[in-house]
Amino acid sequence: MACFGQDLEREQKDRDLKILVISDLNDAYGSVTYSTEVHRLVGRIKDINPDIILCGGDMVAGQKASLRRSQLDSMWSGFQASVLEPIQQMNIPFGFTMGNHDASPNYKNDREAASAFWTAYKDQAKLTFVDDTHFPYYFSYLKNNILFLSWDASASVIPDAVKSWMVTQLSSDYARKARGRIVLGHLPLYAMVEAKNKPGEVIEDADATLAFFKDHAVDMYISGHQHAYFPGSKQQVTLLHSGCLGGGPRPLIGHDAPAYKSYAIIDIPKKGGMSKASILGFVAPDDHKVPLYALPREITGFNGTVKRIDRSLNGEKLNLPKLPKNALPAKSIVQQLSDLDNEQREKAIAESFLRGNFPKFMRKLQRIDVTGLDEKGNRIDAYYYVMPDYLMLGTDVDFVRLPIRPSTAQYIADSLGFVLSNSKICDAVYQQAKVKLEPLPLTEDREQFNTFVAHNVRIEQQRQGRKGLIAGIKKDVVSTEKLRATKGKLALYGWHKLDAKPIQPVFTGHADYYVDYSHGIRFVYPYLFVGKQKIAFDDALMNPSLRVMLTDENASSYYNYPW
């Protein structure tokens with residue numbers, strides 16, 4: 001293993017770290033030039049001011065048998081002139097991994113040309129190597145005490161020698177002392193786009209590779225190849241699928257949004273490290289942010305499903321939109337909504353909530369404590385967070401609870417990083433609620449907007465200003481496995497009486513467009529906290545000992561309504 005002394009000591013210090021992630025820069029086979037998006041982003045690097053740049057491969061356009069060595073060398077010269085040299089002049093480290101168009105294992109000339117180029121220009125990468133013995137195919141380096149490992153994933157089969165090297169690197173003192181471990185490889189673990197939804201276009205035996213990452217405390221795997229941006233998570237490992245800047249952006253599987261070129265920025269703060277890291281995607285060339293809610297909740301390809309990442313929780317407060325200075329009170333909101341039809345009202349409620357026009361007290365999430373037993377019978381203490389009340393609009397002194405369709409509720413939840421409640425969570429919320437009220441059923445005009453408002457008035461008269469986690473005032477629109485077997489339905493549960501027995505067992509008889517005064521939307525932050533671990537609900541549901549804390553159903557993933 002190579003040793004680089006003082007440089008490594010300097011890079012072992014914890015500092016904020018900004019990473020610019022680019023990938024798939026190449027155009028047509030043999031091309032020595034680059035797209036407008038590549039040139040524009042290179043020109044903007046100084047403004048972005050990253051601490052390090054990572055490239056997910058396909059820096060040139062090889063992998064064609066008819067390309068002569070002179071043509072391969074010309075492509076790498078084009079890369080050096082258009083990309084590497086400008087970055088080198090800014091003195092920014094450039095980490096990379098070999099793509100199939102750079103150095104496919106089946107193309108001897110390509111690999112020789114790539115090796116010759118990087119041997120000559122190794123210093124321009126400006127990396128602080130931990131091990132460069134096998135450079136440029138697999139190597140490790142440090143930046144601000146984050147350990148990076150670029151491995152040779154230019155083909156679907158990872159060589160045994162690379163795997164053994166990875167074990168050594170991830171067991172090293174540098175790995176143990178690092179505050180994060182990021183692996184960079186070209187092929188992803190799971191298929192993201194239809195054109196690559198087949199064996200050979202992803203790493204062989206993805207589940208075993210993911211287990212390897214998890215066993216060796218890898219925090220993030222960054223890949224390219226699929227030409228589609230998708231920040232995902234599976235089994236508590238972040239899987240960042242980089243979009244392309246070169247030719248051929250592709251749409252995500254099952255997602256009808258147009259394809260676009262993109263890049264990403266990862267911010268890792270000095271304090272908190274990877275647990276507080278954030279990922280932002282940007283559309284090239286106009287630099288518009290890619291909002292999480294614009295991406296599908298999950299992607300399912302031939303070899304598995306990857307969930308979209310969510311926002312991170314800071315203490316008990318989520319990063320929710322602030323209450324606008326010109327926020328409307330409930331009185332004004334009700335007047336506006338009264339003049340709208342059902343479709344218009346649903347849209348208006350969602351827009352108002354996402355603008356932040358709801359009481360400040362709703363932003364302080366309430367902790368729900370749960371317990372269970374591990375496989376040895378030892379007690380497990382855990383908790384998660386819920387909103388203190390049901391969906392409402394207005395201000396702290398004038399608000400109105402409003403029932404909405406599950407599709408609208410799910411859209412809001414997805415936009416803000418929540419899920420809807422389920423029957424197990426409803427029961428736990430009721431048990432731990434500070435304010436428990438007797439249900440107030442109504443029998444006339446149940447689906448009328450005026451009844452929605454009147455029911456809220458009755459609840460407020462009954463509450464008498466008491467504050468805190470509240471329950472017993474609504475039936476919850478819930479997530480349940482029963483909805484997987486039927487389409488176009490919603491599920492209701494709860495409306496607990498003071499004896500803690502729910503009026504409404506889980507019921508899926510209504511169409512998903514049905515809304516009445518008794519329905520409530522309780523947003524739940526979908527992470528289970530166990531000790532120092534923050535575990536996504538979907539990951540917790542895969543663990544029998546944790547699953548029972550969240551559901552009474554045999555669920556392996558959390559059901560979300562379509563919208």
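Structure: see above.
Conventions we followed
- Residues numbered from 1 in each chain as written.
- Predicted model: local features only at pLDDT ≥ 70, side-chain atom pairs only at ≥ 80, totals over all residues.
- Heavy atoms only, no water.
- Patch = residues over 30% accessible without salt bridge, like charges linked within 9 Å, V, L, I, M, F, W, Y side chains within 5 Å.
- Areas by Shrake-Rupley, 256 points an atom, 1.4 Å probe, with all protein chains shown as cover.
- Salt bridge = Lys/Arg side-chain N within 4 Å of Asp/Glu carboxyl O.
- Lys, Arg positive; Asp, Glu negative; His and termini not counted.
- Charge placed at Lys NZ, Arg CZ, Asp CG, Glu CD.
- Helix = DSSP H or I, 4+ residues; strand = E, 2+ residues; numbered from the N terminus.
- Disulfide = S-S within 2.5 Å.
- Buried < 20%, exposed > 50% of the residue type's maximum accessible area, 1.4 Å probe, protein only.
- Core = buried A, V, L, I, M, F, W, Y, C linked by side-chain atoms within 4.5 Å.
- Pairing = 2+ DSSP bridges.
- Axes fitted to C-alpha atoms, helices over the stretch in contact; angles between N-to-C directions.
- Parallel < 35°, antiparallel > 145°, perpendicular 65-115°, else oblique.
- Left-handed = near helix turned anticlockwise from the far one by under 90°.
- Contact = heavy atoms within 4.5 Å.
- Nonpolar A, V, L, I, M, F, W, Y, C, P; charged D, E, K, R; others polar.

Visitor: Help me understand a positive patch on the surface in this model?
Guide: Taken together, the side chains of Lys13, Arg15, Lys270 and Lys271 present a region of like positive charge at the surface. Assignment of secondary structure puts Lys13 in the loop between helix 1 (5-11) and strand 1 (17-22).

Visitor: Would you mind going over the state of the cysteines with me for this structure?
Guide: Put plainly, two cysteines are in a disulfide when a covalent bond ties their sulfur atoms together. Enumeration over the complete set of coordinates arrives at zero disulfides. The thiol of Cys244 is not disulfide-bonded; the next cysteine sulfur, from Cys55, is found 12 Å away. Residue class for Cys244 comes out buried when judged on its relative accessible area of 0%.

Visitor: Which parts of the structure should I look at to understand the nonpolar core?
Guide: Side chains of nonpolar character tend, in soluble globular proteins, to be buried together. Core analysis: the biggest nonpolar cluster contains 105 residues, and Ile19, Ile22, Phe79, Phe94, Trp118, Trp151 and Met166 have the highest contact counts within it. Counting residues per element, this core draws most heavily on helix 3 (residues 69-89), which supplies seven residues. Counting 51 residues, the second-largest nonpolar core is a separate cluster that includes Phe353, Met392, Val453 and Phe523.

Visitor: How should I be thinking about the sheet that holds strand 25 (residues 502-507) in this particular structure?
Guide: Within a beta sheet, neighbouring strands are joined by backbone hydrogen bonds and run either parallel or antiparallel to one another. With mixed pairing, the four strands of this open sheet are ordered in space as 25-24-23-26. Each end of this open sheet is capped by a strand with a single partner; those strands are strand 25 and strand 26 (519-520). Bridge analysis of strand 23 (residues 475-477) against strand 26 gives two bridges, and the strand direction is parallel. Bridging across to strand 26, Lys475 finds its partner in His519.

Visitor: Any chance you could explain the packing of helix 10 (residues 342-354) against helix 11 (residues 406-416) here in plain terms?
Guide: Each packed pair of helices is defined by two parameters, the angle between the axes and the distance between the axes. For the pair helix 10 and helix 11, the least separation of the axes is 10 Å and the interaxial angle reads 20°. Taken together, the axis directions place helix 10 and helix 11 in an arrangement best described as roughly parallel. In this structure, helix 10 crosses over helix 11, and the sense of that crossing is right-handed. Residue-level inspection shows Glu346, Ala350, Phe353 and Leu354 of helix 10 in contact with helix 11, the latter providing Thr408, Tyr411, Ile412, Ser415 and Leu416. Of the residues belonging to the contact of helix 10 with helix 11, the class tally is six nonpolar, two polar and one charged.

The values reported here are purely geometric and, on their own, carry no functional implication.
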